[in-house]
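Reading the structure
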Amino acid sequence: MAGTTAPGGGPSEDGRAYRAFISYSHRDKQHAAWLHRVVESYRIPKKLVGKVTAVGPVPPRPSPIFRDRDELPASADLGGELTAALQRSMFLIVICSRASAKSHWVMQEILRFKQMHGEARILALIVDGTPYGSNTPGQEDEECFPLSLRYKLGPDGELSDVPAEPIAADLRPEADGKRLAQLKLIAGLTGLRLDELVQREAQRRNQRLMMVASGAMAGMVVTGGLAVYANFQRIEADRQRMIAEKESAAARAASDYLVSTFELSNPATENPETITARTILGRSVERAATELRDQPEIQVRLVATLGRAYNNLGLLDEAKGAVESSLPAIQKSGPDGAEALLVLAATYVRQGALDKADATVNRALAQLGPDPKSHAEIRALAALTQGRIAIARSDAKAGVAAFDRALAFYRAEPDSPPKAMALALNNRGILLSDAGRFDEANASLKESLAIYRRTLGETHLSTGRAWFALAQNSFNAGKLPDAEREIARALDIQRVVLDNDNPILADTLSMQGQILQGRGKLADAEISLREAVAIYRKAFKDRPHYLIGIADVYLALIEADAGRTDAALATLDDAKRNYDGSYGGLHPNHGDLLVNRAKILAKAGRMGQARSDCAAGIEILKKTLGADASFTKQMAGECAALGQTKQAKL
């Protein structure tokens, strides 16, 4: 099946590819074509654009819309393309008729959308028939609601016997009619109230009438000032023309670059069906450094996009190489190059190269210039990156300050992207949790999760990462049953949207292993931790990384509980190698490692070494976190408990 979008259409405001997916029977294709046209062409009144509603900021147009053109082939499932379109759609609009009520495919599309996104974002457009006609004897053939629209989903993800109450507009003349039905759907797609749109429509009509009535008088008044005004307008038009020509040239160059990249595939030697995203990205990087060397502004835009794409795929070495190879162009491009530098800094963070990440953020800020009010959105992104570096360093104070700087910008700007605010809240919550401020962390993390669920849906990767952060906070607070439930939600989402070797999945598996170890479910914990370590080693090309060290520590505790003391100590040695290679100096995790080593030694009866390691670990925690830090006090208590246990045995 093929999808269509309006010319020039882009992703919806929340990052999805489509604002809505139209589901309909082939017999209703004329209604579908009309609906597609009037929804995508509708211009939201300017005073309402940007207003934040329950579904995010109101866009200038509720587009693009996905509409399938042909009936599905005779097969048992919806197919990959259609399923992907449903996954990437914010709303589902069902054209309800006697024909669609009997359509197997319309029923399947509704069911699949409900399973992916829930039931709140399904809108119905009645074109003929009777809603719930099947409930009235003799009216069964008049039913216009498909079965999957009439009933809610049960806990198992299948249809239950609980009636649903879909939001419906009625296209028929004796009901809403075309104009009111259209406005009802626009209201549903944007989160605006229907009366807001109706009032604005009335104002538009009145304004048009006033313009016609006052045209003659305005003409006489304006004529006298045209000579002066025209000269001013000519100067401004010349300035705008130069800007437009520059942007147009940039757009043409980027378009030609993209098309040429795809043309590089040789049909004589390559099967176009086997060309991967990784192949295309690699070709783009190779060409950017040579063919765009005389157009640094275009080059750095493309390089920043390529770097983000590589990072999202977990290809960290490729992301680093793409941006580092363009550093001369980034340097030449001034403020325009700052975003690419921040992409590189984010890559360094994920690779554990924290000093490089810090230096790269400072370089980006230097390119933005000294005025703190200029390039505010990029400065907010820099603050987010600084906060992520602080998370890796367990520097809660610096990190919370960085995320608060980013949030101050986002809260001050009504058009700030919801995802950026959610990310800042999420990372702020992680640091508050590290500082032992669990209730504050929980509030920040839940606000972040609510934004992601509202704007991106229940099965988006960012929603999964928000569940991960909540699980981590619950784990830190000792609420292990909550943590186990929350990490399972995160993993369910990530298993669907990520490849099996993505390091983001490894993060979640590592946390799940830590939680299960705390719950005493040691066999399951070991499975999760070993899968996480295997993914990390592959992603980091066997280079040292602190994330491997964290998983190693919990694996060692499991091995010790199984009586495998030598194996546990060897695993801790591997953890230390990863910490040393990643941090380049003392880190709180070094102290945590020594305290856990002491626990393992004490379990084996080697109390002398245990006391020595515990004391050394507490000293490291005092130096890195401070003696008053909650984690330092917690570890000191565990060391004291080891001594008390020994005395009791004596």
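Attention here is on the structure that accompanies the text. (Residues numbered from 1 in each chain as written. Predicted model: local features only at pLDDT ≥ 70, side-chain atom pairs only at ≥ 80, totals over all residues. Heavy atoms only, no water.)

1. Re helix 22 (residues 503-518)
Between its first and last C-alpha atoms helix 22 spans 23 Å; for 16 residues at 1.5 Å apiece the expected length is 22 Å, and the two agree. Burial runs high along helix 22: 14 of the 16 residues are buried. N-capping of helix 22 is provided by N502, with a side-chain oxygen placed 2.9 Å from the backbone N of I504. Positive backbone phi, approximately 80°, marks G520, located one or two places after helix 22. (Helix = DSSP H or I, 4+ residues; strand = E, 2+ residues; numbered from the N terminus. Expected span 1.5 Å × (residues − 1). Buried < 20%, exposed > 50% of the residue type's maximum accessible area, 1.4 Å probe, protein only. Polar contact = N/O pair within 3.5 Å; in protein donor to acceptor, adjacent residues only side chain to side chain.)

2. Some words on the environment of E140
When you line up the elements, E140 lands in the loop between strand 6 (122-126) and helix 5 (147-150). Look at E140 and you get partly exposed, because its relative accessible area is 42%. Counting along the chain gives 42 residues from E140 to R98, while the straight-line C-alpha distance between them is 9.7 Å. Those residues in contact with E140 that sit more than four places away from it in its chain are G133 and S134. Side-chain polar atoms of E140 contact the backbone nitrogen of G138, separated by 3.0 Å. (Contact = heavy atoms within 4.5 Å.)

3. Examining the sheet that holds strand 9 (residues 167-170)
With parallel pairing, 5 strands are arranged side by side in an open sheet as 4-1-5-6-9. For this open sheet the edge positions go to strand 4 (65-67) and strand 9, each flanked by a neighbour on one side alone. Across this sheet, the average inter-strand angle for adjacent strands is 25°, counted without regard to direction. With 4 bridges joining them, strand 6 and strand 9 adopt parallel strand pairing. By the bridge assignment for strand 9, I126 is matched with D170. (Pairing = 2+ DSSP bridges. Axes fitted to C-alpha atoms, helices over the stretch in contact; angles between N-to-C directions.)

4. Notes on the nonpolar core
Membership of the largest hydrophobic core comes to 87 residues, with the highest contact counts inside it found for Y410, F475, I515, Y536, F540 and I600. Among the elements that take part in this core, helix 24 (residues 546-561) stands out by supplying 11 residues, more than any other. What F475 contacts, discounting residues up to four positions off in sequence, is L480, A483, M511, Q514, I515 and Y554. (Core = buried A, V, L, I, M, F, W, Y, C linked by side-chain atoms within 4.5 Å.)

5. Points about helix 16 (residues 376-392)
Across its 17 residues, helix 16 extends 25 Å between first and last C-alpha, which sits within 8% of the 24 Å expected from 1.5 Å per residue. Burial of helix 16 is extensive: 12 of the 17 residues sit out of reach of the surface. Buried within helix 16 we find R379, A380, A382, A383, L384, T385, Q386, G387, I389, A390, I391 and A392. Those residues of helix 16 that are buried lie in contact with helix 14 (338-351), helix 15 (354-368), helix 17 (396-412), helix 18 (418-434), helix 24 and helix 25 (565-583). Once helix 16 finishes, S394 follows within two positions and takes phi at roughly 55°, a positive value.

6. Re the packing of aromatic side chains
What the rule picks out here adds up to 8 aromatic pairs. Measuring from centroid to centroid gives 4.9 Å for F21 and F66, while their planes differ by 15°, and the two rings are stacked. With a gap of 45 residues between them, F21 in strand 1 (residues 18-23) and F66 in strand 4 connect regions that are remote in the sequence. Note on accessibility: F21 and F66 belong to one class, buried. Summarising the aromatic geometry, the rings of Y132 and F145 are spaced 5.4 Å apart at their centres and angled 80° between planes, so their arrangement reads as edge-to-face. Remark: F145 occurs in the loop between strand 6 and helix 5 and Y132 occurs in the loop between strand 6 and helix 5; sequence separation between them is 13 residues. (Phe/Tyr/Trp six-rings, centres within 6.5 Å; stacked < 30°, edge-to-face > 60°.)

7. Notes on the pairing of strand 8 (residues 159-163)
The side chains of a regular strand alternate, residue by residue, between the two faces of the sheet. Direction of pairing for strand 7 (residues 151-153) relative to strand 8: antiparallel, over a ladder of 2 bridges. If you follow L153 over to strand 8, its bridge partner there is L159.

8. Let's talk about the packing of helix 23 (residues 522-539) against helix 24
Two measures define how a pair of helices packs: the angle their axes make with one another and the distance between the axes. Two numbers describe how helix 23 lies on helix 24: the axes approach to 9 Å, and their chain directions differ by 150°. In this view, helix 23 runs roughly antiparallel relative to helix 24, as classed from their interaxial angle. Here helix 23 and helix 24 pass one another in a crossing that is left-handed. Taking contact as the criterion, the partners of L522, A525, E526, L529, R530, V533, Y536 and R537 in helix 23 are, on helix 24, L547, I548, A551, D552, Y554, L555, I558, E559 and D561. Residues that form the contact of helix 23 with helix 24 fall into these classes: 11 nonpolar, no polar and 6 charged. (Parallel < 35°, antiparallel > 145°, perpendicular 65-115°, else oblique. Left-handed = near helix turned anticlockwise from the far one by under 90°. Nonpolar A, V, L, I, M, F, W, Y, C, P; charged D, E, K, R; others polar.)

9. Comments concerning the state of the cysteines
Formally, a disulfide is one covalent bond, and it connects the sulfur atom of one cysteine to the sulfur atom of another. Inspection of every chain in the model, using the stated rule, returns 1 disulfide. Between the sulfur atoms of C614 and its disulfide mate C639 the distance is 2.1 Å. The chirality of the disulfide connecting C614 with C639 is left-handed, given an S-S dihedral of about -90°. Of the two residues, C614 is situated in helix 27 (residues 607-624) and C639 in helix 28 (residues 630-649); the sequence distance between them amounts to 25 residues. Across the pair, exposure class does not vary: C614 and C639 are buried alike. Cysteine C96 remains unbridged, with the sulfur of C144 as its closest cysteine sulfur at 5.5 Å. (Disulfide = S-S within 2.5 Å.)

10. Let's talk about the layout of surface pockets
Quantified by volume, the second largest pocket comes out at close to 390 Å³. Contributing to the lining of the second largest pocket are 13 residues, with Q115, M116, E458, T459 and I493 lying nearest its centre. The set of elements that each furnish at least two residues to the lining of the second largest pocket consists of helix 4 (104-117) and helix 21 (480-497). Its residues placed into classes, the lining of the second largest pocket shows 3 nonpolar, 5 polar and 5 charged. (1 Å grid on protein atoms, 1.4 Å probe; cavity = no way out; pocket = protein on both sides within 12 Å on 5 of 7 lines; lining within 4 Å. Points joined across faces, edges and corners; volume = space filled by probe spheres on them.)

11. Quick word on the pairing of strand 1
Burial within strand 1 is extensive, with 6 of its 6 residues counted as buried. Both strand 1 and strand 5 (residues 89-96) contribute to a ladder of 5 bridges, which runs parallel. Bridge pairing in strand 5 links Y18 to S89. Inspection of the sheet shows strand 1 paired to strand 4 by 3 bridges, in the parallel sense. Bridge pairing in strand 4 places F21 opposite F66.

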